[in-house]
Amino acid sequence: MYKRLYFIMAMVALTISAHAKVRLPHIICDNMVLQQQTDARLWGWAQPGKTVKVSTSWSDETVSAKVGKDGKWLVKVKTPKASYVPLSITFDDGETLTINNVLAGEVWVCAGQSNMEMPVKGFWMCPVKDYNQVVIDAANHKGVRSVKIPSVMRAEPQDDAQCEWKVCSPNTVGDFSATGYFFARTMHQALDIPIGLIEANKGGSRVESWLTKENLEKYTSDPTDSVEICKKWDKWDYHRSLLWGNGTFNPILNYTVKGILFYQGCSNVGDPGDQYSERLKILVDQWRTQFGLGEIPFYFVQIAPWAYDDGDLNAISGALLREQQFKAAQIIPNSSLVCTNDLVYPYEYSQIHPTQKQQVGERLAYTALNRDYGFEGILYQSSTFKDMKIDGDAVYIHLDNNYHTDAPFEGIEGFEIAGEDKVFYPATAQHFWQEGGGYWDEALKLTSDKVKKPVAVRYCFKNFQLGNVKNGGNLPLFPFRTDNWER
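Residues numbered from 1 in each chain as written. Predicted model: local features only at pLDDT ≥ 70, side-chain atom pairs only at ≥ 80, totals over all residues. Heavy atoms only, no water.

A. How the structure looks around the overall build of the protein chain. Summing up its helical and strand segments, the protein chain has 11 helices and 21 strands in all. Dimensions of the protein chain, computed from the C-alpha atoms along their principal axes, are close to 100 × 50 × 40 Å. By residue count, 54% of the 487 residues in the protein chain fall in the buried class. Looking at the protein chain alone, contacts between residues at least 24 apart form 72% of all its contacts between residues at least 6 apart. A total of about 22100 Å² of accessible surface is found on the protein chain, and carbon and sulfur atoms cover 50% of it. Positive and negative side-chain charges in the protein chain, numbering 50 and 57 respectively, have mean positions lying 7 Å apart. (Helix = DSSP H or I, 4+ residues; strand = E, 2+ residues; numbered from the N terminus. Buried < 20%, exposed > 50% of the residue type's maximum accessible area, 1.4 Å probe, protein only. Contact = heavy atoms within 4.5 Å. Areas by Shrake-Rupley, 256 points an atom, 1.4 Å probe, with all protein chains shown as cover. Lys, Arg positive; Asp, Glu negative; His and termini not counted. Charge placed at Lys NZ, Arg CZ, Asp CG, Glu CD.)

Given below as structure tokens:
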């Protein structure tokens, strides 16, 4: 009797399996945003040998794919121009499955660590400025949608994750990445099209957390065996290599996106030499290869001032990491770095999650709008150090990307100069003009009564030092140094 019962149950299970609907990854679901006007990838699983047909509400064309022996299939569909018209997609392998309320728009990945992960509603003891007003305003941005990939570790690369797309509203926006949402909100205002965010990040993660096994073995000394990884970082699991990328980033790699936004670096403070900039470039190359979409934009955020080195505000390990990020922007093609030196309040020296996230997201959006969407009138670059000349007890410096403005006119703060003793003192900075069109024609003049023979200049080159120099786009001067001293 029992054998017969087991046989019947097995046959029922086999029948159900044979007629089961095609299975989709969770990221392909109702409310998703498709990258507009491209060949967008759609994929999933079905019974091996079957044919999956995919039809869309915006086209009479049907595309199909034969399911492989591993049960996987993938197709590409031509997507329409961005609009708010709800779309649907039907998948048919003998039984149909339809997803609805899909929009075509622009899709960006939000990657990195906790300052990207930090939601609009903030973290514990870490609020986001103007939260209530942001919630009220969210009703005006229903075209913004987001999907959060759960931050999980896995020993092997995963091709699916438990997630769902959410439509922006006063009831949902609190869970969106704050940096990501303010980026999307600004893009939505400027372009008036749907904006989709894929949030794949983990607080405390290192750049190595996202590298593949192959890249870790080739370029680092980090272990790649999951047991050894866990042993090495038994106390701080968020520092673990490989595992976060396997579980949290790999599931999105088939998705067709416009570009990547990245806010990370705090957990790599203290890395030697050019290690961070080199490994960040490796990561960007890796992601671009994995997405298979060419040299997609990579826009990232410089870490904000904070009390690294056990609270030593005057040490420079944080400044050295920012310097590495600046170098990375020079060696990573189609990339741009956002400066945040002015987006920390003086009392936030011990707060690693500054409250001013709106400007961070907006600056990322200014970058994308200028570089990728034709908004040439938007000023997105921060000033950078260009050159200097020493004359007697004064140093004269010029800046690049200043849009014809080195502000403020009076009360400039943040500069230091040093002599051969390598001891830095605060410098008095003032605008300097001289007729004749020579080197000193227009410059910033730096002096200190404690430095009679200056040899080096620094600007906000400490763990926590706030300057006030801005350019014509009201964007801050990147911290810099003209020396290569260790302290």
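Don't stop here, the text continues.
B. Seen up close, the environment of Glu 486. With respect to the secondary-structure elements, Glu 486 resides in the segment after β21 (480-481). For Glu 486, a relative accessible area of 75% puts it in the exposed group.

C. View of the sheet that holds strand β16 (residues 415-418). Read across the sheet, four strands follow the order β17-β16-β20-β21 without closing on themselves; strand pairing throughout is antiparallel. Across the chains shown, the open sheet's two edge strands, defined by having one partner strand only, are β17 (424-426) and β21. Relative to β21, strand β20 (residues 456-459) is paired through two bridges, and the arrangement is antiparallel. Following the sheet pairing, Tyr 459 is matched in β21 by Phe 480. (Pairing = 2+ DSSP bridges.)

D. Highlighting the confidence of the model for the protein chain. Averaged over every residue, the pLDDT of the protein chain is 95; the share at 70 or more is 95%. For residues 1-19, every residue scores under 50 in pLDDT, and the model assigns this stretch four contacts once sequence neighbours within four places are set aside. (pLDDT = per-residue confidence, 0-100.)

E. Summary view of the pattern of salt bridges. Under the definition given, this model contains 19 salt bridges. Arg 279 serves as the salt-bridge partner of Glu 208, at 2.7 Å between the closest nitrogen and oxygen. Of this pair, Glu 208 sits in the loop between β10 (195-201) and α5 (213-219) while Arg 279 sits in helix α8 (residues 275-291); the two residues are 71 residues apart in sequence, bridging distant segments of the chain. By relative accessible area, Glu 208 is classed as buried at 1%. Judged by relative accessible area, Arg 279 falls into the buried class, the value being 12%. (Salt bridge = Lys/Arg side-chain N within 4 Å of Asp/Glu carboxyl O.)

F. A look at the packing of aromatic side chains. Scanning the model with the defined rule gives 24 aromatic pairs in all. For the pair Trp 43 and Tyr 255, a centre-to-centre distance of 6.4 Å together with 85° between the ring planes defines the contact as edge-to-face. Placement of the pair is Trp 43 in strand β2 (residues 39-45) and Tyr 255 in the loop between α7 (243-249) and β11 (259-263), with a sequence separation of 212 residues. When sorted by exposure, Trp 43 lands in the same class as Tyr 255, which is buried. Note on Phe 415 and Tyr 459: the rings are 4.8 Å apart at their centroids and 50° apart in plane angle, and the pair reads as tilted. With a gap of 44 residues between them, Phe 415 in strand β16 and Tyr 459 in strand β20 connect regions that are remote in the sequence. Tyr 459 matches Phe 415 in its accessibility class, with the two residues each being buried. Counting every residue linked through ring pairs, the aromatic cluster contains Trp 210, Phe 249, Phe 262, Trp 287, Phe 291, Phe 298 and Phe 300. (Phe/Tyr/Trp six-rings, centres within 6.5 Å; stacked < 30°, edge-to-face > 60°.)

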